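Chain by chain, the residues run as shown.
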Amino acid sequence: MRVLAVRRAGTPEGAAMVRGTRPRRATRPVRLGLRANAAQFTLLVAVNALVVIARGEGFGGWAAGAVLLGAGTAMVYPTLLAVVGDVAHPAWRGRAVGVYRVWRDLGYAVGAVLGGIVADLMGLHAAVWAAAGISAVSALVVAVRMYETHRWAPATPRD
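Residues numbered from 1 in each chain as written. Predicted model: local features only at pLDDT ≥ 70, side-chain atom pairs only at ≥ 80, totals over all residues. Heavy atoms only, no water.

A. Local environment of the packing of helix α5 (residues 59-87) against helix α6 (residues 93-122). The interhelical angle for the contact between α5 and α6, taken along N-to-C directions, is 140°, at an axis separation of 9 Å. As α5 packs across α6, the resulting crossing turns out to be right-handed. From α5, Y77, L80, L81, V84 and G85 reach across to α6, where they touch R93, A96, V97, Y100, R104 and Y108. Each residue belonging to the contact of α5 with α6 can be placed in one class, and the counts come to eight nonpolar, one polar and two charged. (Axes fitted to C-alpha atoms, helices over the stretch in contact; angles between N-to-C directions. Helix = DSSP H or I, 4+ residues; strand = E, 2+ residues; numbered from the N terminus. Left-handed = near helix turned anticlockwise from the far one by under 90°. Contact = heavy atoms within 4.5 Å. Nonpolar A, V, L, I, M, F, W, Y, C, P; charged D, E, K, R; others polar.)

B. Inspection of the packing of α6 against helix α7 (residues 124-145) at higher detail. At a minimum axis separation of 7 Å, α6 and α7 run at an interaxial angle of 140°. Considered as vectors, α6 and α7 are oriented oblique to each other. For the pair α6 and α7, the crossing hand works out as right-handed. Residues G115, V118, A119 and M122 of α6 form the contact with α7, whose participating residues are L124, A126, A127 and A130. Across the contact of α6 with α7, the residue classes tally to seven nonpolar, one polar and no charged. (Parallel < 35°, antiparallel > 145°, perpendicular 65-115°, else oblique.)

Shown next, in the form of structure tokens:
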């Protein structure tokens, strides 16, 4: 039994078994069909975290911003994957998720290069402010362009 628990600990179900809890499948907004709102909310959490980091002057502020940024990042990834899964036809859903991940990962590379250039030219605080501005623009684009694909409706009693 111990070997099975160790082998399964790398899976969400196994990690939940080790923690003594049940695995979480999706956040409440995702389960209710509020993916666009959840994506916008999680991007705004990231923006606020970057603002906390940029305004921070010591370890405490930076640590609080890092925790908030980690929470926002942890919420936005499953939400955006759910959005891609909703709008993609099952025949090409895998390809759509692959394209999304390529662009997301390319954003890491481009963001690191641009952040380094801004930090060299204007300083580290300016680079963090630039990242916050780009994230705020992303949240604005989500608010304007993204629409719900599944509207939530209250359950109706069965006959």
